[in-house]
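Descriptive analysis of the structure
The residues making up each chain are set out below.
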Amino acid sequence: MNNTQLVKNALNAVLGEKIGSLSTIQQYFSEQYVQIVDGKKIEFNEFVEHLQALKNVTRSITITIKSIAEGEGCVHTQHLAKAIKTDGSISEFEVFACFHLVNEKIVRCEELTRMVKGNGDDADLGSRT
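Let me sum up the structure you'll find in this document. (Residues numbered from 1 in each chain as written. Predicted model: local features only at pLDDT ≥ 70, side-chain atom pairs only at ≥ 80, totals over all residues. Heavy atoms only, no water.)

1. Brief notes about the overall build of the protein chain
Secondary structure summary: the protein chain contains 3 helices and 6 strands in total. In terms of overall size, the protein chain behaves like a compact globule, its C-alpha atoms giving a radius of gyration of 13 Å where 129 residues would be expected to give roughly 14 Å. Surface summary for the protein chain: the accessible area is close to 6,800 Å², and the carbon and sulfur share equals 47%. The distance from the centre of the 14 positive side-chain charges to the centre of the 17 negative ones in the protein chain is 5 Å. (Helix = DSSP H or I, 4+ residues; strand = E, 2+ residues; numbered from the N terminus. Rg over C-alpha atoms; globule rule 2.2 N^0.38 Å. Areas by Shrake-Rupley, 256 points an atom, 1.4 Å probe, with all protein chains shown as cover. Lys, Arg positive; Asp, Glu negative; His and termini not counted. Charge placed at Lys NZ, Arg CZ, Asp CG, Glu CD.)

Given below as structure tokens:
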């Protein structure tokens, strides 16, 4: 599998039906994983907590990739994340991300997230733990 497909699969798996599943996360992400989202640093265990926090407040999250490009050891995406919350409200985010991969695992992600729809209280959903 190429890196582009791995990132697509990872986004859909860890934010899809198996959101919060440690085994699913470990399938795609290194335990040395570091994410910088809107200037906030999240390491692997915090990333797992983040996905659990999303699981607790959402019914579903759908990812729509607007553009994707692969470089040497990295994949850049522009994607939309649409979250249907447990209360039925919807929050949508535009995400620009650069995923770094080593040995078929995502080891780092630099990400900028912008809310395009939803309650302002959810503006931190991209990094909430």
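From this point, the narrative continues.
2. Quick look at the pattern of salt bridges
Going through the model one piece at a time under the given rule, you end up with 5 salt bridges. Through salt bridges that share partners, Lys66, Glu94 and Arg114 make up one connected network. (Salt bridge = Lys/Arg side-chain N within 4 Å of Asp/Glu carboxyl O.)

3. Here's the deal with unusual backbone geometry
Positive phi is not limited to glycine here, since Asp38 has a value of about 50°. Note that Asp38 resides in the loop between strand E1 (29-37) and strand E2 (40-43). The partly exposed category is assigned to Asp38, whose relative accessible area is 42%. (Buried < 20%, exposed > 50% of the residue type's maximum accessible area, 1.4 Å probe, protein only.)

4. Observations concerning the nonpolar core
The biggest cluster of nonpolar side chains holds 32 residues, and the ones touching the most others in it are Leu15, Ile25, Phe29, Leu51, Phe99 and Ile106. Elements supplying a minimum of two residues to this core: helix H1 (3-15), helix H2 (22-28), E1, helix H3 (44-57), strand E3 (58-71), strand E4 (74-85), strand E5 (90-102) and strand E6 (105-117). Among the elements that take part in this core, H1 stands out by supplying 7 residues, more than any other. Contacts of Ile25, omitting those with residues within four sequence positions, involve Val14, Gly20, Phe44, Phe47, Val48 and Leu51. (Core = buried A, V, L, I, M, F, W, Y, C linked by side-chain atoms within 4.5 Å. Contact = heavy atoms within 4.5 Å.)

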